[in-house]
Amino acid sequence: MKAIQISEHIWSLKTWMIIPIHVWVVVEEDGITLVDAGMPMMAKGIMKFLKQLNAGPLKQILLTHGHTDHVGAVKVILTENEVPVYAHQIEIPYLEGELLYPKRKKLENNLPKKLTQPLLEEEAGILKSVGGLKPFFTPGHSPGHVVYYHEKDQVLLAGDLFKSKNGKLQPPMFTPNMAEALKSSAVVGQLKPKRLEVCHGNTVFNPADQLKDYVQTVEKKLEGK
């Protein structure tokens, strides 16, 4: 597993399993936040890196969504770190196997019931910040997908809102509601991050500059169906 510091407070941990898989380590004033937990095989590497970083204890795990390649290391990490795990309240019944993910053939029991807590909301669905990260509800790839924005570093941890190639935004893979995901992509224009990170792909710098072309390309594909 490869670790790269991508900003003052954020490290990206990457492994390959046919395609790249990224998780993110965010250094807070009082410890560490892990965003997504990759595949089960990443658990030991993640825990080893957290110890080597020596930036305080793991405080929480934040999930962009509950698919297997984003939650795989959670259970092993929790054997040594008793910390809360958060996801959007809409996502939890899907990742716990109570509801069928859209266009999937069987229920997914990706995490035990009652392990994952809902992200806190202020009002009208606005999500509260967790440490230095502000969550935004971005459904489409999954019903309760969220992204996390680190305002101080101006980095958007976008999960599977997009994938990327050669620094260019591309539509996410295996997305049951691409029209909704396209609507969710507007968060990039709202926040205008300097750097966008995806689970599957590489860094996209100044992604808002690409958003208009991205929207037009995806709209044409949707119209062609």
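Residues numbered from 1 in each chain as written. Predicted model: local features only at pLDDT ≥ 70, side-chain atom pairs only at ≥ 80, totals over all residues. Heavy atoms only, no water.

Caption draft 1: Examining the pairing of strand E9 (residues 146-150) more closely. In terms of burial, E9 is largely enclosed, as five of its five residues are buried. Across the two faces of E9 the burial is the same, with Val146, Tyr148 and His150 and Val147 and Tyr149 all buried. Examined bridge by bridge, strand E8 (residues 133-137) and E9 share five bridges and lie antiparallel to one another. Counterpart to Pro135 in the pairing with E9 is Tyr148. Here E9 pairs with strand E10 (residues 155-157) via three bridges, running antiparallel. In the strand pairing of E10, Tyr149 is matched with Leu156. Between E9 and E10, which follow one another and run antiparallel, lie four residues, and Gln154 among them has a positive phi close to 55°. (Buried < 20%, exposed > 50% of the residue type's maximum accessible area, 1.4 Å probe, protein only. Helix = DSSP H or I, 4+ residues; strand = E, 2+ residues; numbered from the N terminus. Pairing = 2+ DSSP bridges.)

Caption draft 2: Region of interest: the sheet that holds strand E1 (residues 2-5). The strand order across the open sheet formed by seven strands is E1-E2-E3-E4-E5-E6-E7, and the pairing between neighbours is mixed. Edge positions in the sheet fall to E1 and strand E7 (116-118), since each has one partner strand and no second. Averaged over all adjacent pairs, the angle separating strand axes in this sheet is 30°, with direction ignored. With two bridges joining them, strand E5 (residues 58-62) and strand E6 (residues 85-87) adopt parallel strand pairing. Looking at E6, one finds that Ile61 is bridged to Val85. Helix-sheet contacts for helix H1 (residues 43-53) involve E1, strand E2 (10-17), strand E3 (19-28), strand E4 (31-35) and E5, and the interaxial angle to E3 is about 30°. (Axes fitted to C-alpha atoms, helices over the stretch in contact; angles between N-to-C directions. Contact = heavy atoms within 4.5 Å.)

Caption draft 3: Fine view of the environment of Asp213. Looking at the secondary structure, you find Asp213 in helix H7 (residues 211-223). For Asp213, a relative accessible area of 49% translates into the label partly exposed. With 25 residues separating them in the primary sequence, Asp213 and Val188 have C-alpha atoms 13 Å apart.

Caption draft 4: Inspection of the side chain of His70 at higher detail. Following the sequence through the fold, His70 ends up in helix H2 (residues 68-71). Under the relative-accessibility criterion, His70 is labelled buried at 0%. Side-chain polar atoms of His70 contact the side chain of Asp36, separated by 2.8 Å. Sequence-distant contacts of His70, defined by excluding residues within four places in its chain, comprise Asp36, Ala37, Gly38, Leu63, Thr64, His65, Asp160, Cys199 and His200. (Polar contact = N/O pair within 3.5 Å; in protein donor to acceptor, adjacent residues only side chain to side chain.)

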